[in-house]
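What follows is each chain in one-letter form.
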Amino acid sequence: MRPIRIALTKGRLEKDTIKLFEKLGFDCEQLHNKGRKLILQIPDANLEIVLAKAADVITYIEHGVCDMGVVGKDTILEYGGTFFEVADLGFGRCKFALAGKKGEDFYAGYAEKTIATKYPNVTHQFFESKGMDVKIVKIEGSVELAPLLGLSDAIVDIVETGSTLKENGLEVYEDVTAISARLIVNTVSLKLRKAEIETVINYIEKALAE
Ligand SMILES: Nc1ncnc2c1ncn2[C@@H]1O[C@H](COP(=O)(O)OP(=O)(O)OP(=O)(O)O)[C@@H](O)[C@H]1O
Ligand SMILES: O=P(O)(O)OC[C@H]1O[C@H](OP(=O)(O)OP(=O)(O)O)[C@H](O)[C@@H]1O
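All of these numbers come straight from a predicted model, not from anything done at the bench.

How each quantity is defined
Residues numbered from 1 in each chain as written. Chains lettered and ligands numbered in written order. Predicted model: local features only at pLDDT ≥ 70, side-chain atom pairs only at ≥ 80, totals over all residues. Heavy atoms only, no water. Pairing = 2+ DSSP bridges. Helix = DSSP H or I, 4+ residues; strand = E, 2+ residues; numbered from the N terminus. Axes fitted to C-alpha atoms, helices over the stretch in contact; angles between N-to-C directions. Contact = heavy atoms within 4.5 Å. Domains from an automatic or database assignment. Buried area = accessible area lost by both parts, 1.4 Å probe. Salt bridge = Lys/Arg side-chain N within 4 Å of Asp/Glu carboxyl O. Polar contact = N/O pair within 3.5 Å; in protein donor to acceptor, adjacent residues only side chain to side chain. Nonpolar A, V, L, I, M, F, W, Y, C, P; charged D, E, K, R; others polar. Buried < 20%, exposed > 50% of the residue type's maximum accessible area, 1.4 Å probe, protein only. 1 Å grid on protein atoms, 1.4 Å probe; cavity = no way out; pocket = protein on both sides within 12 Å on 5 of 7 lines; lining within 4 Å. Points joined across faces, edges and corners; volume = space filled by probe spheres on them.

Colleague: Would you mind showing me how to read the sheet that holds strand β5 (residues 84–88) here?
Modeller: The strands that make up a sheet are held in pairs by hydrogen bonds between backbone atoms, and each pair lies either parallel or antiparallel. Here six strands make up an open sheet; going across it, the order is β2-β3-β1-β4-β11-β5 and the pairing mixed. Each end of this open sheet is capped by a strand with a single partner; those strands are β2 (39–42) and β5. Across the sheet, the mean angle from the axis of one strand to that of its neighbour is 25°, orientation sign disregarded. Examined bridge by bridge, strand β4 (residues 68–72) and strand β11 (residues 181–185) share five bridges and lie antiparallel to one another. Looking across to β11, one finds that Gly 72 is bridged to Ala 181. Running over the sheet, helix α3 (residues 54–62) touches β1 (4–9), β3 (47–52), β4 and β11 and is turned about 150° from β4. Taken strand by strand, helix α9 (residues 194–209) contacts β1, β3, β4, β5 and β11, and its axis lies near 160° from that of β11.

In structure tokens:
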């Protein structure tokens, strides 16, 4: 049987996830010296680590080719899917916020608003919950440009330190939802390899409580 596979979101969540694995006592030598390798071993724990883009972590878990995953709540809210969300890992903290040019009253006037975002589903749900019709424009990155260039009235985007907004003359109008990294598990794996997966979850929960 193959080792339990954990899909790890590349980029901002990588360092803190490795720190957590080290706290569990795992040998993370391969993770530290990965070079361009995408599949790495934690030999002493019989775990295999797969490095993937955020949305792909969910895809690999849903298809059952990875058993567990570490992914931001932002990705879970945007892409959804069938899996168990078993723990809030407490790192990767940031938030979704509605933001726009400083000093403007977003809710003034009756004209339909245009919102630019990398997260159309989160944005749709946010405005639907307010009973407000908006036009959503999908942007792939540096979403802050959209209101500055006059493409949108506001953005829904991730805010962490707030520096990107501040340095571009923008401000938060309203918080949408808090975000942090989550541990997710394939529903079938949790049944078929229950003991092994629960051992990892228990280790993680113990480390988080320390
Ligand atoms: N300032 C931030 N901006 C974006 N994501 C953040 C931030 N702080 C924490 N995160 C978390 O880190 C996760 C990974 O973000 P990262 O920017 O590394 O990859 P990404 O969102 O796929 O972006 P890119 O397409 O630029 O690689 C996000 O899904 C989110 O949960
Ligand atoms: O509040 P801050 O600490 O400034 O962080 C928020 C910024 O970081 C993210 O962008 P990222 O760097 O991932 O680039 P992107 O816009 O190309 O996605 C996010 O989309 C914001 O632009």
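Colleague: How should I be thinking about the domain arrangement of the protein in this particular structure?
Modeller: Accessible area lost during the coming together of the parts is what is often quoted as the interface size. Partitioning the protein into domains gives domain 1 (4–92 + 180–209) and domain 2 (94–178). Distance from the C-alpha centre of domain 1 to the C-alpha centre of domain 2: 30 Å. The interface of domain 1 with domain 2 comprises seven residues on the first partner and ten residues on the second. When domain 1 packs against domain 2, the two sides together hide about 670 Å² of surface, and 48% of this comes from carbon and sulfur. For the domain 1 face of the interface with domain 2, the top three residues by lost area are Asp 74, Leu 77 and Glu 78, together amounting to 74%. Inspection of the domain 1/domain 2 interface yields zero salt bridges. Across the domain 1-domain 2 interface, the total number found is three residue pairs in polar contact (both at pLDDT 80 or more). Of the residues that constitute the side of domain 1 that touches domain 2, the class distribution is one nonpolar, two polar and four charged.

Colleague: I tried to follow the pattern of salt bridges on my own but got confused; where do I start?
Modeller: Two side chains bearing opposite charge may form a pair once their charged atoms approach each other closely. Within this structure, the stated rule accounts for twelve salt bridges. Between Asp 88 and Arg 182 there is a salt bridge, and its shortest N-O distance comes to 3.7 Å. Taken together, the residues span a long stretch of sequence, with Asp 88 in strand β5 and Arg 182 in strand β11 at a distance of 94 residues. A residue is classified by how much of its surface remains accessible, and Asp 88, at 37% relative accessible area, is partly exposed. Close ionic contact of Glu 198 with Lys 194 constitutes a salt bridge, the shortest N to O distance being 2.9 Å. Of the two residues, Glu 198 and Lys 194 are both situated in helix α9; the distance of four residues between them amounts to about one turn of the helix. Among the residues examined, Glu 198 registers a relative accessible area of 32% and is labelled partly exposed. By relative accessible area, Lys 194 is classed as partly exposed at 44%.

Colleague: How should I be thinking about the layout of surface pockets in this particular structure?
Modeller: Over the atoms, a rolling probe the size of a water molecule traces out where space has been left empty. Size it by volume and the largest pocket reaches roughly 1100 Å³. Along the wall of the largest pocket there are 35 residues; nearest its centre are Arg 12, Asp 74, Lys 118, Tyr 119 and Ile 158. Secondary structure elements with two or more residues in the lining of the largest pocket: α3, α4 (73–79), β9 (154–159) and α7 (163–167). Classifying every residue of the lining of the largest pocket gives eleven nonpolar, eleven polar and 13 charged. Taken domain by domain, the makeup of the lining of the largest pocket includes at least three residues from each of domain 1 (4–92 + 180–209) and domain 2 (94–178). There is about 170 Å³ of room inside the second largest pocket. If you go around the second largest pocket, the residues you meet are Ile 4, Gly 25, Phe 26, Asp 44, Ala 45, Asn 46, Leu 47, Glu 196, Thr 199, Val 200 and Tyr 203. With four residues, the single largest contributor to the lining of the second largest pocket is α9.

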